[in-house]
Amino acid sequence: MNDIGLALRQALSMLVTLDPSLVGVVLLSLQVSLGAVLIAAIAGAPLGAVLAICHFPGRRPLVVIFNALMGLPPVMVGLFVYVLLSRAGPLGPLGLLFTPRAMVIAQALLVWPIVVALSRQAVEDLWIEYAEALRSLGARWWHAVPTLLWDARHALITVLLAGFGRAIAEVGAVMIVGGNIDGVTRVMTTSIALETSKGNLAFAMALGFVLLALVVLLNALAFTIRQRTMPHGT
Amino acid sequence: MSAPMQGPVMRHLAVAVVTVVAVVAAAVAPFAPAAQAQSRSIVLASTTSTEQSGLFAHLLPRFRASTGIDVRVVAVGTGQALDLGRRGDADVVLVHDRPAEDRFLAEGHATRRLDVMYNDFILVGPSADPARTSSAGTVMEAFRRIRQAEHAFVSRGDRSGTHAAELRLWELAGIDIQQARGAWYRDTGTGMGPALNIAAAMDAYLLADRGTWIAFRNRQGLRIVLEGDARLKNRYGIMRVNPARHPHVKALEAQQFIDWLCSDAGQRVIADYRIEGEQLFFPEAAR
């Protein structure tokens, strides 16, 4: 297994020397995936909360659909967004195909159901506790949603991390809508796929270790934020 | 229920919020106009063989230095590259499957095709050469022997130029591969590199382009078992996607790229590209 040893050493040296091509790829990965999670959070968390507390016809099927969409194959999302953004597609005139924005759109679509489904779960758990109190205060749902989201914030951090993990690790969608263009749309995962294609297995794996280190770092950061902001003794 | 907000908690929370906002801002800010700013760029749909052999990394910086135009390469199989052109998602296509290129022209997606360069396909296989292809003389005979031995053969199976060439060779060998295929014939549906990785892992034969082979780093027990047959010539042609069909095509920049690639300067740059002293592509533009 000297391939793995070699890969670890290469990963370490890339990190230590801050290899400029690596830095560009890492930054783009972070930009795309964080941007996607941000959009998914804004569009997803309130919807999740509404699904948790409001009762309207068709709510149950919606809940089931969002739960199911958590397992959406990235390559299918990529294909869908490609067809939309292609010059021959309905959004073709925007000229977004093969740009980082197209990648953000695809990953946001991928992460959105995760945010909706998991934040619904988190808010529903709280709602069981809060329902009586909020109702007795005469709070309507548009008052309850922000309150519940705020009080579920610690759980929501975990939700966003799950979404981020999905986004940063996927290769199928960004490969199709980004095109893996050197210096423009090449991210960590598409680099790993390309280096594997070239038979540079050790280098590909080294990139993988860098990706892993990045994800661990981000999770550690989120964990610290959670610890710091969580009131003790609850 | 949440505890009452206390001083330190608030402070930590403020720090957390500021951190998150800063991270997100840093993440999103660069997108704004930057992605669109370099308007002098074209999208080139090309093959995995040209990208993975490292040719573009050698070629494109030189083109940019002389013209200021950024060429963005989307490397896929020839079939998919032509489809990108058909949908208007590329400005230029550089591919290697003449019959498919002629169809593209006939459909009106381009008006002219130019030869750019060539190299050759090679038959790669396990060092021990169990199907005795090295002594076959012709590639057709080698294919017949692989078929007879039913030794593992990896097919690209992805409508790429190399896949099309492989299918033509089976036909020339008098073998109906749809009939003859069995467990020995592995239709992998992958690019050249992944197909080489698979062949290396299972000691299979496969047809490869020389450029990718020379640049490939995970050969394990594989070697070239047959080369030099005239049938193995691998020609690359370039076409500008027809601006009359796809009005947003950057016609001027695309033409500039094609002209440069076929000029003495561009052809010299192609000829200069070597890996470990070996030339990968041979210029062949008509002067």
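On a predicted model such as this, the values are computed, not experimentally measured, just so you know.

Across its full length, chain A carries 10 helices and 0 strands. When the helices and strands of chain A are read in sequence order from the N terminus, they spell out α-α-α-α-α-α-α-α-α-α. For chain A, the spread of C-alpha atoms along the three principal axes comes to 65 × 50 × 25 Å. Burial statistics for chain A: of 234 residues in total, 45% are counted as buried. Taking contacts inside chain A between residues at least 6 apart in sequence as the whole, the part at least 24 apart equals 80%.

All right, on to the overall build of chain B then. For chain B, the helix and strand inventory stands at 13 helices and 12 strands. Here chain B, with 287 residues, has 44% of them falling under the buried criterion. Put simply, of all contacts in chain B between residues at least 6 apart along the chain, 76% involve residues at least 24 apart.

Turning our eyes to something else, we now look at helix α13 (residues 264–272) of chain B. Residue and element names in this part refer to chain B. Gly-266, Gln-267, Val-269 and Ile-270 are the residues of α13 that are buried. Angular distribution of buried residues about the axis of α13 spans 155 degrees; they occupy a single face of the element. Facing away from the buried side of α13 by over 90 degrees, the exposed positions are Asp-264, Ala-265 and Arg-268.

Residue and element names in this part refer to chain B. Segmenting chain B into domains produces domain 1 (38–119 + 235–283) and domain 2 (120–232). One C-alpha centre belongs to domain 1, the other to domain 2, and the line joining them spans 26 Å. Those elements that provide at least two residues to the side of domain 1 that touches domain 2 are α3 (48–52) and α5 (78–86). The class makeup of the residues in the side of domain 1 that touches domain 2 is 6 nonpolar, 12 polar and 2 charged.

Quick look at the pairing of strand β7 (residues 205–209) of chain B now. All names here are of chain B. When you tally the buried positions in β7, you get 5 out of 5 residues, the bulk of the element. Where burial is concerned, the two faces of β7 agree: the one with Tyr-205, Leu-207 and Asp-209 and the one with Leu-206 and Ala-208 are both buried. Direction of pairing for strand β4 (residues 110–126) relative to β7: antiparallel, over a ladder of 4 bridges. By the bridge assignment for β7, Val-124 is matched with Leu-206. Taken together, the 2 bridges between strand β5 (residues 153–155) and β7 define a ladder with parallel strand orientation. In the sheet register, Val-154 faces β7, and the bridge partner there is Leu-206.

What follows covers the nonpolar core. Counting 111 residues, the largest nonpolar core has A:Ala106, A:Val177 and B:Val92 as its most contacted members. The greatest single-element share of this core, amounting to 18 residues, is contributed by helix α5 (residues 100–136) of chain A. With near-sequence residues (within four places) excluded, A:Ala106 lies in contact with A:Val77, A:Gly78, A:Val81, A:Ala173, A:Val174 and A:Val177. Residues B:Ala131, B:Ala199, B:Ala200 and B:Tyr205 belong to the second largest nonpolar core, which totals 34 residues.

Residue and element names in this part refer to chain B. It is at 11 Å that the axes of helix α4 (residues 55–67) and helix α12 (residues 251–262) come closest, and there the two elements cross at 115 degrees. One way to sum up the angle between α4 and α12 is to call them roughly perpendicular. For the crossing formed where α4 meets α12, the hand is right-handed. Contacts between α4 and α12 involve Phe-63, Ser-66 and Thr-67 on the former and, on the latter, Gln-256, Phe-257 and Trp-260. The residue inventory of the contact of α4 with α12, partitioned by class, reads 3 nonpolar, 3 polar and no charged.

With that out of the way, let us pick up the environment of A:Gln121. By the secondary structure assignment, A:Gln121 is in helix α5. A sequence separation of 39 residues divides A:Gln121 from A:Tyr82, and the C-alpha atoms of the two residues are 31 Å apart.

Our focus in this paragraph is the confidence of the model for chain B. Residue and element names in this part refer to chain B. A residue-level look at chain B finds 86% of positions with pLDDT of 70 or above and a mean pLDDT of 89. Per-element confidence in chain B is highest for strand β3 (residues 92–95), whose mean pLDDT is 98, and lowest for helix α2 (residues 34–37), whose mean pLDDT is 44. Within the model, pLDDT remains below 50 along residues 1–6, and this stretch shows 5 contacts once partners closer than five positions in the same chain are excluded. Throughout residues 32–38 the model reports pLDDT below 50, and contacts reaching past four residues in sequence, or to other chains, amount to 4 contacts. Taken together, the chains of this predicted complex give a pTM of 0.86 and an interface ipTM of 0.83.

Residue and element names in this part refer to chain B. Positive phi, close to 50 degrees, is recorded for Glu-150, a residue that is not glycine. Among the secondary structure elements, Glu-150 is positioned in the loop between α7 (139–149) and β5. Among the residues examined, Glu-150 registers 13 C-beta atoms within 10 Å and is labelled partly exposed. Backbone geometry places Arg-159, a non-glycine residue, at a positive phi of 60 degrees. Secondary-structure assignment places Arg-159 in the loop between β5 and α8 (161–172). With 19 C-beta atoms counted inside 10 Å, the residue Arg-159 sits in the partly exposed group.

All names here are of chain B. Most of strand β2 (residues 70–76) sits inside the fold, with 6 of its 7 residues counted as buried. In the sheet, strand β1 (residues 41–47) pairs with β2 via 7 bridges, with the strands oriented parallel. Residue Ser-41 lies in a different strand from β2, and its bridge partner there is Asp-70.

So, about the environment of A:Trp142. Residues and elements named next belong to chain A. Assignment of secondary structure puts Trp-142 in helix α6 (residues 141–151). Note on Trp-142: 10 C-beta atoms within 10 Å, which makes it exposed. Sequence separation between Trp-142 and Met-76 is 66 residues; the distance between their C-alpha atoms is 34 Å.

Along the chain, A:Thr147 falls in helix α6. Once the C-alpha coordinates of A:Thr147 and A:Leu134 are considered, the two residues, 13 residues apart in sequence, prove to be 9.6 Å apart.

Parameters at a glance
Residues numbered from 1 in each chain as written. Chains lettered and ligands numbered in written order. Predicted model: local features only at pLDDT ≥ 70, side-chain atom pairs only at ≥ 80, totals over all residues. Helix = DSSP H or I, 4+ residues; strand = E, 2+ residues; numbered from the N terminus. Buried ≥ 20, exposed ≤ 12 C-beta atoms within 10 Å, placed from the backbone. Contact = placed C-beta atoms within 7 Å. Arc of directions from axis to C-beta. Domains from an automatic or database assignment. Nonpolar A, V, L, I, M, F, W, Y, C, P; charged D, E, K, R; others polar. Pairing = 2+ DSSP bridges. Core = buried A, V, L, I, M, F, W, Y, C linked by C-beta atoms within 7 Å. Axes fitted to C-alpha atoms, helices over the stretch in contact; angles between N-to-C directions. Parallel < 35°, antiparallel > 145°, perpendicular 65-115°, else oblique. Left-handed = near helix turned anticlockwise from the far one by under 90°. pLDDT = per-residue confidence, 0-100.

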